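Take a look at the letters that make up each chain.
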Amino acid sequence: FRGIFASHLVSSHIMPVSRIALLLCVLVWPALVWGGNQASTGGSAGSNAQARLLVAKQIQNKYLVEGKDIVVKYSLYNVGESAALNVLLSEKGFGEQDFDVVGGQMNVRLDRLAAGANHSHVVVVRPKRFGYFNFTAAEVKYQPSEEIQTIQVGYTGTEPHQAPIIALRDYEKQFSSHMLDWLAFAAMTLPSLGIPFLLWTSSKSKYEAIARSKKD
Amino acid sequence: MKSFLTVWVLSALLVLTTAESCANPKVQATSYTPADAEVLTHIAYIAEFTLTCSNGATNVNLFADINGAVMPVIRSQDGSKYQVSWTESLKAAKKGDRPIRLYDEEGFAAVKRILERDEDPSSVKPLVQIEINYPGAYTGPWMKSEHLASLMIFLVFYLAYSSKNGLTA
């Protein structure tokens, strides 16, 4: 085998094609592997590309009223350079003794949130009692990238921190249609309008009857 | 032979740990939209469902087409229930049925390819489809009762005054 190569070197200065091909393969292969490694870990930052999740918790209500729905929206944004894996969102702030969960799950999981992507999750609860309530943050746990095994823990920004849940009676006093109250008012004004009207119609019909009998 | 066995075992493990595909999918869904929106600024659309597959697959990754955007479906932490939810402002929320097309991994890849070409993704057959019906929500009375009462009072006064004038004129 060695002999064949030796004889080639001796016979000409031009390298045969097979040798060039072999040399190229040997030189190019590590570059391809290195480049591929760079691409998979996020390029310019080297292998430090991580996911960073921002989670917002919004309460989309005009008023918080006892016995009426509260719409809670969680928005997840991945502002990092790598996909967040195994995102766990846990909401423990709406306890069973104070709230009924009417729609949506409190503890949820999203397998993968791509870099630059956003997602939303909605829960609807109904308060059982009125009074001041402390709205707490929900907890978010995720794996910042495939290589990093330590779980990142974060909390949502909450608003409002302490807000009153209005009693249903007070809310109805201000905002209900009061139709029944107005009908009661109409019934109460009926005597003061109705009695003079009845007196007038009875005397009117009496005089009309007299006038008719006079004509005849 | 030994290396072939190792490769086979490893690939089998890979299949088991990654998401599975679902045969004959059956969905049991419940949906919720608020009926009383007097105190709300946005309407919530929530659909919760469970997926049963005849091949017993439990770890199925689903993707939902929500208002034109296809995104992964959120699951409960124990993996038993899926949830698709979003909110719309009161003014923008329209009554009617909202179909939600659910795709598995293959369907999602096909839809992504079609969206990149700016074509209509409805040609891809979804794994399963669910619906959320929004019948409208109560946002308060048409006319405030005090305005109606003042209208009635004016009407009664007008009748009385015009008939009195007709008599005394």
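- In the nomenclature of an unreviewed UniProt entry, chain B is known as Translocon-associated protein subunit delta of Tigriopus californicus.
- Regarding chain B, the relevant UniProt record gives this comment under Subunit (unreviewed entry): "Heterotetramer of TRAP-alpha, TRAP-beta, TRAP-delta and TRAP-gamma."
- Under the Function (unreviewed entry) heading, UniProt states for chain B: "TRAP proteins are part of a complex whose function is to bind calcium to the ER membrane and thereby regulate the retention of ER resident proteins."

- Looking at an unreviewed UniProt entry, chain A carries the name Translocon-associated protein subunit beta, with the source organism given as Tigriopus californicus.

### Observations concerning the interface of chain B and chain A
Stage number 1. Between chain B and chain A, the residue contacts involve 33 residues of the former and 37 residues of the latter.
Stage number 2. Taken over both partners, the interface formed by chain B and chain A buries close to 3100 Å², and the fraction arising from carbon and sulfur atoms is 57%.
Stage number 3. Broken down residue by residue, the surface that chain B buries against chain A is led by Val39(B), Ile74(B) and Gln77(B), which jointly contribute 23%.
Stage number 4. Counting across the interface, chain B meets chain A through two salt bridges.
Stage number 5. When the shortest N-O distance is used, the salt bridge between Asp111(A) and Arg75(B) registers 3.7 Å.
Stage number 6. For the pair chain B and chain A, the number of links is 21 residue pairs in polar contact (both at pLDDT 80 or more).
Stage number 7. Those elements giving two or more residues to the side of chain B that touches chain A turn out to be strand 2 (42–52), strand 4 (69–72), strand 5 (74–76), strand 6 (82–89) and helix 3 (145–168) of chain B.

### A few points about the sheet that holds strand 6 (residues 118–127) of chain A
All names here are of chain A.
Stage number 1. Strand order in the open sheet formed by four strands is 1-2-6-4, and the pairing between neighbours is antiparallel. Every interior strand has two partners, whereas the edge strands, strand 1 (53–59) and strand 4 (99–103), have only one. The average angle at which neighbouring strand axes cross in this sheet is 30°, direction not considered.
Stage number 2. Here strand 4 pairs with strand 6 via four bridges, running antiparallel. From the neighbouring strand, Gly103 faces strand 6, where its bridge partner is Val124.

### A few points about the nonpolar core
Stage number 1. Phe49(B), Val60(B), Val73(B), Val84(B), Ile100(B) and Leu102(B) are the most contacted members of the largest nonpolar core, which has 36 residues in total.
Stage number 2. Counting residues per element, the ones that place at least two in this core are strand 6 of chain A together with strand 2, strand 3 (63–66), strand 6, strand 7 (96–103) and strand 8 (128–134) of chain B.
Stage number 3. Leave out the neighbours within four places in its chain, and Val60(B) touches Glu20(B), Cys22(B), Leu51(B), Cys53(B), Arg75(B) and Tyr82(B).
Stage number 4. In terms of nonpolar packing, the next biggest core, distinct from the first, is built from 28 residues, Ile70(A), Tyr74(A), Met106(A) and Ala138(A) among them.

### Section: the domain arrangement of chain B
Many structure descriptions define interface size as the accessible area lost when the parts assemble.
Stage number 1. According to the domain assignment, chain B contains domain 1 (21–138) and domain 2 (145–169).
Stage number 2. One C-alpha centre belongs to domain 1 of chain B, the other to domain 2 of chain B, and the line joining them spans 57 Å.

### Let's talk about the layout of surface pockets
Stage number 1. Roughly 860 Å³ of internal volume is contained in the largest pocket.
Stage number 2. The residue makeup of the lining of the largest pocket, split by class, is 19 nonpolar, four polar and one charged.

### Quick notes on the packing of aromatic side chains
Stage number 1. Evaluated as defined, the whole model comprises 15 aromatic pairs over all chains.
Stage number 2. Ring geometry for Phe197(A) against Trp200(A): centres 6.0 Å apart, planes inclined by 35°, an arrangement best described as tilted. In this pair, Phe197(A) and Trp200(A) are both assigned in helix 4 (residues 179–215), three residues apart and thus about one turn of the helix distant.
Stage number 3. Look at Phe157(B) and Tyr161(B): their rings are 5.6 Å apart centre to centre, the planes differ by 15°, and that puts the pair in the stacked class. In this pair, Phe157(B) and Tyr161(B) both sit in helix 3, four residues apart, roughly one turn of the helix.
Stage number 4. Three or more aromatic residues joined by ring pairs make a cluster, and in this case those are Phe94(A), Phe99(A), Phe133(A) and Phe135(A).

### Considering the pattern of salt bridges
Stage number 1. Throughout the structure, instances matching the rule amount to 11 salt bridges over all chains.
Stage number 2. A salt bridge links Arg98(B) to Glu88(B), with the nearest nitrogen and oxygen atoms 2.8 Å apart. Taken together, the positions of Arg98(B) in strand 7 and Glu88(B) in strand 6 put the pair 10 residues apart, joining distant regions of the chain.
Stage number 3. According to the relative accessible area criterion, Glu88(B) is buried, its value standing at 12%.
Stage number 4. Through salt bridges that share partners, Arg109(A), Asp111(A) and Arg75(B) make up one connected network.

### Concerning the confidence of the model for chain A
All names here are of chain A.
Stage number 1. When pLDDT is averaged along chain A, the result is 82; 77% of the residues meet or exceed 70.
Stage number 2. Within chain A, the lowest mean pLDDT, 46, falls on helix 1 (residues 2–11), and the highest, 95, falls on strand 6.
Stage number 3. pLDDT under 50 marks residues 1–12. Its contacts with residues more than four places away, or in other chains, come to three contacts.
Stage number 4. Throughout residues 33–46 the model reports pLDDT below 50, and contacts reaching past four residues in sequence, or to other chains, amount to eight contacts.

### Concerning the state of the cysteines
Residues and elements named next belong to chain B.
Stage number 1. In the structure shown here, the tally under the stated rule is one disulfide over all chains.
Stage number 2. Here Cys22 is linked by a disulfide to Cys53, with a sulfur-sulfur distance of 1.9 Å. In this structure the cystine formed by Cys22 and Cys53 twists about its S-S bond by roughly -110°; its chirality is therefore left-handed. Taken together, the residues Cys22 in the loop between helix 1 (2–17) and strand 1 (26–32) and Cys53 in the loop between strand 2 and strand 3 connect sequence positions 31 residues apart. Considered together, Cys22 and Cys53 belong to a single accessibility category, that of buried residues.

What counts as what
Residues numbered from 1 in each chain as written. Chains lettered and ligands numbered in written order. Predicted model: local features only at pLDDT ≥ 70, side-chain atom pairs only at ≥ 80, totals over all residues. Heavy atoms only, no water. UniProt positions renumbered as here; feature names shortened; annotations may be inferred. Contact = heavy atoms within 4.5 Å. Buried area = accessible area lost by both parts, 1.4 Å probe. Salt bridge = Lys/Arg side-chain N within 4 Å of Asp/Glu carboxyl O. Polar contact = N/O pair within 3.5 Å; in protein donor to acceptor, adjacent residues only side chain to side chain. Helix = DSSP H or I, 4+ residues; strand = E, 2+ residues; numbered from the N terminus. Pairing = 2+ DSSP bridges. Axes fitted to C-alpha atoms, helices over the stretch in contact; angles between N-to-C directions. Core = buried A, V, L, I, M, F, W, Y, C linked by side-chain atoms within 4.5 Å. Buried < 20%, exposed > 50% of the residue type's maximum accessible area, 1.4 Å probe, protein only. Domains from an automatic or database assignment. 1 Å grid on protein atoms, 1.4 Å probe; cavity = no way out; pocket = protein on both sides within 12 Å on 5 of 7 lines; lining within 4 Å. Points joined across faces, edges and corners; volume = space filled by probe spheres on them. Nonpolar A, V, L, I, M, F, W, Y, C, P; charged D, E, K, R; others polar. Phe/Tyr/Trp six-rings, centres within 6.5 Å; stacked < 30°, edge-to-face > 60°. pLDDT = per-residue confidence, 0-100. Disulfide = S-S within 2.5 Å.

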